[in-house]
Amino acid sequence: MVWTSGWTERGIGYASSRDLITWSEQQYLPVMDHESTARNCWAPELFYDKVSKQYLIYWSTTIPGRFPKGASEGDSGYNHRMYYTTTTDFKNFSPTRLLYDHDFNVIDGTIQKVKGEYVLAG
């Protein structure tokens, strides 16, 4: 499970369970600490890729000035783009990378595999 850990945090929360009753200790994953001006990490999601046998964790973050297009279109000054990290064990994580930027604010995306292709809907 992953979650937004706070409105202005540069990380997300996560925990795991084999039976959805007993949960591991809550952990904090500082996915955007390397971006000192990042405003947030919102709406994280998980996707397990059976082909690569790894989890993709993705979320939306606003970094002021990074993406000029969409910055003045509302949402209280937030101009989110989607970022991601991968893991196989929830102990080691790949460096954070940009997942999606098509010149507009995006949050609450979800990824599904449909007929052998990966689809992102936001």
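Remember, it's a predicted structure, so these values are computed and weren't measured experimentally.

Here is what the cut-offs are and how they apply
- Residues numbered from 1 in each chain as written.
- Predicted model: local features only at pLDDT ≥ 70, side-chain atom pairs only at ≥ 80, totals over all residues.
- Heavy atoms only, no water.
- Pairing = 2+ DSSP bridges.
- Helix = DSSP H or I, 4+ residues; strand = E, 2+ residues; numbered from the N terminus.
- Axes fitted to C-alpha atoms, helices over the stretch in contact; angles between N-to-C directions.
- Contact = heavy atoms within 4.5 Å.
- 1 Å grid on protein atoms, 1.4 Å probe; cavity = no way out; pocket = protein on both sides within 12 Å on 5 of 7 lines; lining within 4 Å.
- Points joined across faces, edges and corners; volume = space filled by probe spheres on them.
- Nonpolar A, V, L, I, M, F, W, Y, C, P; charged D, E, K, R; others polar.
- Buried < 20%, exposed > 50% of the residue type's maximum accessible area, 1.4 Å probe, protein only.

K.L.:
I tried to follow the sheet that holds strand β6 (residues 81-87) on my own but got confused; where do I start?
P.N.:
Strand pairing in a sheet is mediated by backbone hydrogen bonds. Such pairs are either parallel or antiparallel. Taken together, the four strands give an open sheet; going across it, the order is β4-β5-β6-β7, and neighbouring strands pair in antiparallel fashion. The sheet is open, and its two edges are formed by β4 (42-49) and β7 (97-100), each paired on a single side. For this sheet, the mean inter-axis angle between neighbouring strands, taken without regard to orientation, is 35°. Note that strand β5 (residues 54-61) and β6 share seven bridges and pair antiparallel. Across the sheet, the residue bridging to Leu56 is Thr86, located in β6.

K.L.:
Whenever I open this one, the environment of Trp3 confuses me. Can you help?
P.N.:
With respect to the helices, strands and loops of the structure, Trp3 is situated in strand β1 (residues 2-4). Along the sequence, Trp3 and Lys113 sit 110 residues apart, while their C-alpha atoms lie 22 Å from each other. In this structure Trp3 touches Ile12, Gly13, Tyr14, Ala15, Gln26 and Pro44, once residues within four positions along its chain are discounted.

K.L.:
Got a minute to help me understand the layout of surface pockets in this structure?
P.N.:
Over the atoms rolls a probe the size of a water molecule, and its path tells where empty space is left. Taken as a whole, the largest pocket encloses approximately 340 Å³ of empty space. As for the largest pocket, its lining consists of 15 residues, of which Ala15, Ser16, Ser17, Tyr55 and Phe90 are closest to the centre. Of the residues assigned to the lining of the largest pocket, the class counts are eight nonpolar, five polar and two charged.

K.L.:
Help me understand unusual backbone geometry in this model?
P.N.:
A negative phi angle is the norm for most residues apart from glycine, just as the trans form is the norm for most peptide bonds. Even without being a glycine, Ala43 presents a positive backbone phi close to 55°. Mapped onto the fold, Ala43 is located in strand β4. Under the relative-accessibility criterion, Ala43 is labelled buried at 19%. Residues other than glycine seldom take positive phi values, yet Asp108 does so here, at roughly 65°.

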